[in-house]
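Here are the chains, one letter per residue:
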Amino acid sequence: MVKQAIWKDIAARITADIAKGHHKAGEKLPTEAAYAARFGVNRHTIRHAISALVEQGLVYTKRGAGAFVAADPVRYSVGKRVRFHQSVAEAGHEGSKQFLSLTTRPADAVEAKALGTRKGVLVHVVEGLARVDDMPVAHFISVFPAARFPEMLNHLQSLNSVTKAFAACGVQDYTRHETRLAAVNANATSASLLNLKAGAALLRSTNIDVDLTGKPIEFGRTWFSGGHIELTIDG
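As the structure is a computational prediction, the values presented were derived from the model and not from experiment. (Residues numbered from 1 in each chain as written. Predicted model: local features only at pLDDT ≥ 70, side-chain atom pairs only at ≥ 80, totals over all residues. Heavy atoms only, no water.)

Caption draft 1: View of the overall build of the chain. Across its full length, the chain holds 8 helices and 10 strands. Projected onto its principal axes, the C-alpha coordinates of the chain cover approximately 65 × 35 × 30 Å. With 235 residues in all, the chain has 42% of them scored as buried. At a minimum sequence separation of 6, the contacts of the chain that also span at least 24 residues come to 56%. A total accessible area of about 12400 Å² is found for the chain, and carbon and sulfur atoms account for 51% of it. (Helix = DSSP H or I, 4+ residues; strand = E, 2+ residues; numbered from the N terminus. Buried < 20%, exposed > 50% of the residue type's maximum accessible area, 1.4 Å probe, protein only. Contact = heavy atoms within 4.5 Å. Areas by Shrake-Rupley, 256 points an atom, 1.4 Å probe, with all protein chains shown as cover.)

So this is what it looks like as structure tokens:
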């Protein structure tokens, strides 16, 4: 009989602790040092076990803060009016967004088609990370027509909200024109941001938002961690 690797046994025992309710959703797990002492192993072995639990979606980590028990997947509604913070709040959680980069550059062919313009026209491109209760759940890239919204990046930086930034630019309401969903494998960037293994399964949403006259104002792509987000389709 082949003996199971020690880290797998430790991962199973931590999983059992969580299943028994010894650690609640959102609760911080003991430190690597504490687990190493408990199981009589080195911290590298503990790190391996925790990494396995992160890949399973049972645990998530925060840089410099440790490992935490993941909650059940949060329901996120996709419908005519999609608002991240509102949808997450209605599910009883706190949502936040972190903008990783904000740039202005020429639109590529895909972006131009989605926004109803021509390739090479300037667009604002925003890449970021969405969190629920401090847990990273989605990596997103949003593209906006720069000519119509010259101050969009400044508003996003100061308001930290796409809806509020649109309002500051004169668009008080907008709707989802199209949403396309596809199962994809995480690339290195998404995997790193979402604390997942490269190649892990993600749900990609590709969307076009329009103003009330039907003119495209945002083209977005979001890669959701399936272990943390459950998408529901309204209507």
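After that view, the rundown keeps rolling.
Caption draft 2: Highlighting the environment of Ala138. Position of Ala138 relative to the elements: it lies in strand S6 (residues 135–145). With residues near it in sequence (within four places) discarded, Ala138 still touches Gly128, Leu129, Ala130, Leu194, Thr222, Trp223 and Phe224.

Caption draft 3: Structural context of the packing of helix H1 (residues 6–19) against helix H3 (residues 43–55). Relative orientation of the contacting elements H1 and H3 amounts to 55°, with a least axis distance of 8 Å. Put simply, H1 runs oblique to H3. The element H1 and its partner H3 pack so that their crossing is right-handed. Note on element contacts: H3 touches H1 through Thr45, Ile46, His48, Ala49, Ile50, Ala52 and Leu53, opposite Ile6, Trp7, Ile10, Ala11, Ile14 and Thr15. (Axes fitted to C-alpha atoms, helices over the stretch in contact; angles between N-to-C directions. Parallel < 35°, antiparallel > 145°, perpendicular 65-115°, else oblique. Left-handed = near helix turned anticlockwise from the far one by under 90°.)

Caption draft 4: Looking closely at the sheet that holds strand S7 (residues 174–185). The strand order across the open sheet built from 6 strands is S4-S5-S6-S9-S8-S7, with neighbouring strands paired in antiparallel fashion. Of all the strands in the sheet, the pair left with one neighbour each is strand S4 (95–106) and S7. Mean inter-strand twist for the sheet, computed between neighbouring axes without regard to direction, equals 15°. With respect to the sheet, helix H6 (residues 152–159) is in contact with S4, strand S5 (122–132) and S6, its orientation differing from that of S4 by roughly 160°. (Pairing = 2+ DSSP bridges.)

Caption draft 5: Just unusual backbone geometry, in detail. Positive phi, normally seen in glycine, also occurs at Asn160, with a value near 55°. Structurally, Asn160 can be placed in the loop between H6 and helix H7 (162–168). The class of Asn160 is partly exposed, set by a relative accessible area of 31%.

Caption draft 6: The arrangement of the pattern of salt bridges in detail. The final tally for this structure, using the stated rule, is 9 salt bridges. Asp209 is paired through a salt bridge with Arg176; the nearest N and O atoms lie 2.4 Å apart. Of this pair, Asp209 sits in strand S8 (residues 201–211) while Arg176 is found in strand S7, placing the two residues 33 residues apart along the sequence. When sorted by exposure, Asp209 lands in the same class as Arg176, which is buried. Notably, a salt bridge pairs Arg180 with Glu178, separated by 3.0 Å at the nearest N-O pair. (Salt bridge = Lys/Arg side-chain N within 4 Å of Asp/Glu carboxyl O.)

Caption draft 7: Representation of the environment of Ala5. Checked against the element boundaries, Ala5 lands in the segment before H1. On the accessibility criterion, Ala5 (30% relative accessible area) is partly exposed. Taking C-alpha positions, Ala5 is 9.7 Å from Thr45, a pair spaced 40 residues apart along the chain.

Caption draft 8: How the structure looks around the packing of H1 against helix H2 (residues 32–39). Running from N to C, H1 and H2 cross one another at 110°; their axes reach a closest spacing of 12 Å. Put simply, H1 runs roughly perpendicular to H2. Taking contact as the criterion, the partners of Ile10, Arg13, Ile14 and Asp17 in H1 are, on H2, Tyr35, Arg38 and Phe39. Split into classes, the residues belonging to the contact of H1 with H2 amount to 4 nonpolar, no polar and 3 charged. (Nonpolar A, V, L, I, M, F, W, Y, C, P; charged D, E, K, R; others polar.)

Caption draft 9: Region of interest: the pairing of strand S2 (residues 66–69). With 4 bridges joining them, strand S1 (residues 59–62) and S2 adopt antiparallel strand pairing. From the neighbouring strand, Tyr60 faces S2, where its bridge partner is Phe68. Counted between consecutive antiparallel strands, the loop separating S1 from S2 contains 3 residues, among which Gly64 sits at a positive phi close to 80°.

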